[in-house]
Amino acid sequence: MKTDMLANTGTMTKTHTLATYHWERYTFAQRIGRFLAFLAAALVVSWALVRVDIYWPWAWDAPAQILDQFQRMYPPDWSVLPRVLESLLETVNIAIIATALSVVMAVPVAFVSARNTTPHPVLWWLGRLILVATRSVNTIVWALLFVAIFGPGVVAGICAIAFRSIGFLGKLIAEGIEECDPRPVEAMTATGASRAKVILYAIVPQILPTFYAVTVLRWDINIRESTVLGLVGAGGIGMILSSAVDFLAWQQAAVILISILGVVVLGELLSAWLRRRVL
Amino acid sequence: MLKITKLTKIYGPGRPALYEFDLAIDEPGLTAIIGPSGAGKSTLLRCINRLVEPTSGSIELDGVEITKLKGAALRDVRRRIGMIFQSFNLIDRLTVMENVLSGRLGYVSFWQALTRRFPQEDIDRAYYLLERVGLAHYVNKRADALSGGERQRVGVARALMQDPKIILADEPTASLDPKTSIQIMGFLKELSEEFSIPVLVNLHNVELARRYSRRVVGLQGGRKVFDGNPGALTEDVLDAIYGTADRDPEGVLTLESSTAAPSGVAG
């Protein structure tokens, strides 16, 4: 093998076999460039640290504070559990109603926002705008808005979560519609079916698994979202958490936090199981 | 019945996909359209039910000019034109029965379609057709649980559900093995005669065209280069359709099954 190579390539082989191979991943210029990039990133981070007003003594004694906090929370005051569970149920119900309401609003928006089912390009832009706008506003911001409209309470919370969910559900369902196999659509069109019937037979069966999976996933997210709604007065467990913290009732707050954790874990398990069933 | 005059389809700059194509079909039975890939076979069929818009020319079905129809009038014509596809184009997640009944979508209301409450005569017809193609025991099986040949039989039943005046079959056997291909072609021929429906079938297999069709149309580069009975498909004619260089008399054009006559192309 080696002799063949020497014989075939003549004089060139001499220099190659004598010289040691030299290989570098980056050229000198590239190394300079990479160094400057890292330097710039480090500068940005340190500038941010300097600009932000941190009172360092408070940051340094955090470990002691955490320990102190745990001591204040221990032992949890389980006597509040019935009230907490009632409030948790309300929280879960907010998530259920809001998810249902959101589905009703998101499905039409999804069909309008999918390129292959949109009735008109102008409506497509409008649909996309609704999806982006509802998603870019945080649930808490929506909640503040709806508390101002409906006053504090469950209705504001439901609306806040429902509106935030339109963008999420609508975007994922619209993507599901766009990924549909076009061949059944062609076949249904060829039977002389109207546009609505083509969608009903050729597209709806294809997106149903996506639809169920995405809805259950959003319901799971909404349980978590609805636990913080009470902080701005929009109902649910957050309301009593907020007042427990305000009254420095840390042993009650501990029960609330443990309960929220429990419900979120349960919701996640249930949602994962349901999604496995539909896919 | 079907009369095509000077049909032309131009997709973009360059050679037209179909150029001044004329064809008249009056009797039931299979008319095979053969030709190399890109000859315009698919374009021709899809112009007839307007899945593709013709650039110019005329298509008449029972004396009705259909190239200019729109909306409800177009859908009314489409529901009398059955179509069978190379990749079956069934709705995988629906049952065999739902797939067959979907052939009636042009006739039933949206509400009937949504609730699956089809008229009893539609259900009777669907059962008859499914029995006819040997799938009556599969009515509630999902379409994606079927084999290729079974799926195409559902496709055939769906097309016939439309009570069509004509059936367009676009390479109905191209996704199937030779034995299943023969079975499907057999069903097409029998049902075409039983219901007195002309079938326009694109084939890339000359042997199938010879065995099952009453008439053969040869397309080459978007133009008709042959129109006659299968017996007239001589070596010279096939050369005119496919070109000499592309053809392999030993393999490509002969049916790879033992049931096919190997002398077909040579003779």
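Residues numbered from 1 in each chain as written. Chains lettered and ligands numbered in written order. Predicted model: local features only at pLDDT ≥ 70, side-chain atom pairs only at ≥ 80, totals over all residues. Heavy atoms only, no water.

### A short note on the domain arrangement of chain A
Taken domain by domain, chain A consists of domain 1 (2-51) and domain 2 (78-278). Here the C-alpha centroids of domain 1 of chain A and domain 2 of chain A sit 51 Å apart. (Domains from an automatic or database assignment.)

### Overview of the packing of helix 12 (residues 237-246) of chain A against helix 13 (residues 250-278) of chain A
Residues and elements named next belong to chain A. Put simply, helix 12 and helix 13 touch, their axes get as near as 8 Å, and they point 155° apart. The pairing of helix 12 with helix 13 is recorded here as roughly antiparallel in orientation. Regarding helix 12 and helix 13, the two cross each other, and that crossing is left-handed. Across the interface between the two elements, I237, I240, L241, A244 and V245 from helix 12 touch W250, A253, I256, L257 and I260 from helix 13. In terms of residue class, the contact of helix 12 with helix 13 is built from ten nonpolar, no polar and no charged. (Axes fitted to C-alpha atoms, helices over the stretch in contact; angles between N-to-C directions. Helix = DSSP H or I, 4+ residues; strand = E, 2+ residues; numbered from the N terminus. Parallel < 35°, antiparallel > 145°, perpendicular 65-115°, else oblique. Left-handed = near helix turned anticlockwise from the far one by under 90°. Contact = heavy atoms within 4.5 Å. Nonpolar A, V, L, I, M, F, W, Y, C, P; charged D, E, K, R; others polar.)

### Regarding the pairing of strand 3 (residues 29-34) of chain B
Residues and elements named next belong to chain B. Taking burial as the measure, the six residues of strand 3 include six buried ones, the bulk of the element. Side chains of strand 3 alternate between two faces, with G29, T31 and I33 and L30, A32 and I34 buried alike. As paired elements, strand 3 and strand 8 (residues 198-203) share six bridges and run parallel to each other. Bridged to A32 within strand 8 is V201. For strand 3 and strand 9 (residues 215-220), the ladder comprises four bridges, and the chain directions are parallel. Paired with I34 across the bridge in strand 9 is G218. (Buried < 20%, exposed > 50% of the residue type's maximum accessible area, 1.4 Å probe, protein only. Pairing = 2+ DSSP bridges.)

### Overview of the interface of chain A and chain B
For interface size, the figure often reported is the accessible area lost on association. Across the boundary between the two partners, chain A contributes 19 residues, which contact 29 residues of chain B. Each partner contributes to the roughly 2,000 Å² buried at the junction of chain A and chain B, and carbon and sulfur atoms together form 65% of this total. Area buried by chain A at its contact with chain B is led by T191, K197 and Y201 of chain A, which between them contribute 32% of it. Across the contact surface, chain A and chain B share one salt bridge. Close ionic contact of E186 of chain A with R46 of chain B constitutes a salt bridge, the shortest N to O distance being 2.7 Å. Where chain A touches chain B, the interface holds nine residue pairs in polar contact (both at pLDDT 80 or more). (Buried area = accessible area lost by both parts, 1.4 Å probe. Salt bridge = Lys/Arg side-chain N within 4 Å of Asp/Glu carboxyl O. Polar contact = N/O pair within 3.5 Å; in protein donor to acceptor, adjacent residues only side chain to side chain.)

### Some remarks on unusual backbone geometry
Each neighbour pair has its own omega, and for Y74 of chain A with P75 of chain A the value is -5°, a cis peptide bond. Along the polypeptide, P75 of chain A turns up in the loop between helix 5 (62-73) and helix 6 (81-113). Positive phi is not limited to glycine here, since N89 of chain B has a value of about 55°. Topologically, N89 of chain B is positioned in the loop between strand 6 (81-84) and helix 3 (96-101).

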